[in-house]
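Structural features, examined
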Amino acid sequence: MSVNDIVTSGAKPLFFLDYFATSHLDVDLAEKVIKGIVDGCQQSDCVLLGGETAEMPDFYANGEYDLSGFAVGIVKKDAVIDGKNIVAGDILIGLPSSGVHSNGFSLVRRVLAQSGLSLNDQLPGENITLGKALMAPTVIYVKEVLDLIGKGGVKGLAHITGGGFTDNIPRVFPNGLGAVIYNDSWEIPGVFKWIQQVGKITDTEMRRTFNMGIGMVAVVSPEAAHQILEESSYKARRIGEVVSGGEGVRFC
């Protein structure tokens, strides 16, 4: 999450620091957590520079722990991507997510309880358990996005986290611009269809809470969009366009 946020400004992550707090330190568990962080750092080409471990037996129940952290990145001042050059007619390019990523889990837990299923049960209609579908690791987009930036034409980037499409995409636009999203421009993963069906959740709430299968959106010039879409290695989709005369996101 940290490095995906950093790269939206065009910055390259340099290092990450973690904080691990628990009642009594379980060395084996802590080792697994740190290994996961190291794997994420390798995917984003940054280093785990250090961190802090705290034991607070009167604060945490046995077996519980808190994990947090932050990343630092760097970008040249004249290369910062801030969306100010976005104009009507620019294209929205979506990069696929691995699933729910790291947002909406209060709602996910409620839906799971309503369903009567366990994490070990199969996701209906899919060849995967609910646990694996819901807990699929968040895609780290750093290398892919930096490569796109290097090719030119990227004017804005939105990491689709809490707030979904509705809140995250408009934040990168200058005043007076909005977005039109094409409803059928990508395949919505089965886990989101299951969440919506079981929870009886409206389209509006789903789009405001979840990434719906698109974890990162790039706002690019039409020329850059053509090049990006031709290179299949990105698995990118043209999901919409920038329009004038309004703000927010409209689906059609």
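Notes on the structure follow. (Residues numbered from 1 in each chain as written. Predicted model: local features only at pLDDT ≥ 70, side-chain atom pairs only at ≥ 80, totals over all residues. Heavy atoms only, no water.)

1. As for the overall build of the protein
To be explicit about the condition: Labels follow the DSSP assignment, with helices taken as runs of H or I lasting at least four residues and strands as runs of E lasting at least two, numbered in each case from the N terminus. As a reference, a globule follows 2.2 Å times the number of residues to the power 0.38, and the radius of gyration itself is taken over C-alpha atoms. Burial classes follow relative accessibility: with a 1.4 Å probe on protein chains only, a residue under 20% of its type's maximum area counts as buried, one over 50% as exposed, and anything between as partly exposed. Under the convention used here, a 1.4 Å probe and the Shrake-Rupley method define accessible areas, while residue burial counts only the protein chains that appear. This count recognises Lys and Arg as positive and Asp and Glu as negative, with His and chain-terminal groups excluded. Note that the charge is assigned to NZ on lysines, CZ on arginines, CG on aspartates and CD on glutamates.
Regarding its fold elements, the protein presents nine helices and nine strands. The C-alpha atoms of the protein give a radius of gyration of 20 Å, which matches the 18 Å a tight globule of 252 residues would have. Overall, the protein is about 55 × 45 × 30 Å in size when its C-alpha atoms are taken along their principal axes. The buried share of the protein, reckoned over its 252 residues, is 42%. Put simply, the protein shows about 13,200 Å² of open surface, and 51% of that area lies on carbon and sulfur atoms. Across the protein, the mean location of the 21 positive side-chain charges is 6 Å away from that of the 29 negative side-chain charges.

2. Overview of the environment of Val75
The following threshold applies: Any pair of residues with heavy atoms lying within 4.5 Å of one another is described as a contacting pair.
The topology assignment puts Val75 in the loop between β3 (65-74) and β4 (91-96). What makes Val75 partly exposed here is its relative accessible area of 29%. Remark: the alpha-carbon pair of Val75 and Arg171, spanning 96 residues in sequence, is separated by 20 Å. Residues within four places of Val75 in sequence aside, it is in contact with Ser9, Gly10, Ala11 and Val80.

3. A short note on the packing of aromatic side chains
As a reminder, the rule being used: Note on aromatic contacts: the rings of Phe and Tyr and the six-membered ring of Trp form a pair at centre separations within 6.5 Å, being stacked when their planes are under 30 degrees apart, edge-to-face when over 60 apart, and tilted otherwise.
In total, this model carries five aromatic pairs according to the counting rule given. Between the aromatic rings of Phe20 and Tyr65, the centroid separation amounts to 5.1 Å while the plane-to-plane angle is 25°, which identifies the pairing as stacked. Placement of the pair is Phe20 in strand β1 (residues 12-22) and Tyr65 in strand β3, with a sequence separation of 45 residues. Under the relative-accessibility criterion, Tyr65 is labelled partly exposed at 35%. Ring centres of Phe165 and Trp186 lie 5.5 Å apart, and the angle between their planes is 20°; on these two criteria the pair is classed as stacked. Here Phe165 is found in helix α6 (residues 164-168), whereas its partner Trp186 is found in the loop between β6 (177-181) and α7 (190-199), with 21 residues between them in sequence. There is no split in this pair, since Phe165 and Trp186 are both buried. Cluster of aromatic residues (ring-pair linked, three or more members): Phe165, Trp186 and Phe251.

4. Some words on empty space enclosed by the protein
Put simply, the test is: With a 1 Å grid spanning the protein atoms alone, the term cavity applies to any set of points in which a 1.4 Å probe fits but cannot get out, the term pocket to an open set with protein on both sides within 12 Å along at least five of seven lines, and the term lining residue to any residue with an atom within 4 Å of a point. Grid points are joined across faces, edges and corners, and a volume is the space filled by probe spheres set on the points. Residue polarity is assigned by list, with Asp, Glu, Lys and Arg as charged and Ala, Val, Leu, Ile, Met, Phe, Trp, Tyr, Cys and Pro as nonpolar; anything else, Gly included, falls into the polar class.
As enumerated under the stated definition, the model contains one cavity of 30 Å³ or more in all. Estimated volume of the largest cavity: approximately 30 Å³. The residue makeup of the lining of the largest cavity, split by class, is three nonpolar, five polar and no charged.

5. Digging into the sheet that holds β1
Put simply, the rule is: Strand pairing is assigned whenever DSSP identifies at least 2 bridges connecting the two strands. Note on definitions: angles span 0 to 180 degrees between N-to-C directions of axes, and those axes are lines fitted to C-alpha atoms, for helices only across the stretch in contact.
Strand order in the open sheet formed by three strands is β2-β1-β3, and the pairing between neighbours is mixed. Unpaired on one side and paired on the other, β2 (47-55) and β3 mark the two borders of the sheet. Looking at each pair of strands side by side, their axes are set apart by 15° on average, direction ignored. As paired elements, β1 and β3 share ten bridges and run antiparallel to each other. Looking at β3, one finds that Leu17 is bridged to Phe70. The strands touched by helix α2 (residues 27-43) are β1, β2 and β3; relative to β1, the strand with the most contacts, the crossing angle is about 165°.

6. Some remarks on the side chain of Asp90
So the rule is basically this: Polar contact is the term for a pair of N or O atoms within 3.5 Å; when the atoms are in protein, one must be able to donate a hydrogen and the other to accept it, and sequence-neighboring residues count only if both atoms are side-chain atoms.
Note that Asp90 resides in the loop between β3 and β4. A polar side-chain atom of Asp90 sits 2.9 Å from the main-chain amide nitrogen of Val87. In this structure Asp90 touches Asn85, Lys155, Val219, Val220, Ser221, Pro222, Glu241 and Val242, once residues within four positions along its chain are discounted.

7. Considering the sheet that holds β6
One open sheet holds the six strands; their spatial order is β5-β7-β4-β8-β6-β9, and the pairing between them is mixed. Either end of the sheet is taken by a strand with one partner, and the two such strands are β5 (154-159) and β9 (249-251). In this sheet, neighbouring strand axes are inclined to one another by 25° on average, regardless of whether the strands run parallel or antiparallel. Strands β4, β7 (214-220) and β8 (237-244) of the sheet are contacted by helix α9 (residues 222-230), whose axis makes an angle of about 30° with β4.

Such coordinate-based values are descriptive only and should not be taken to indicate function.
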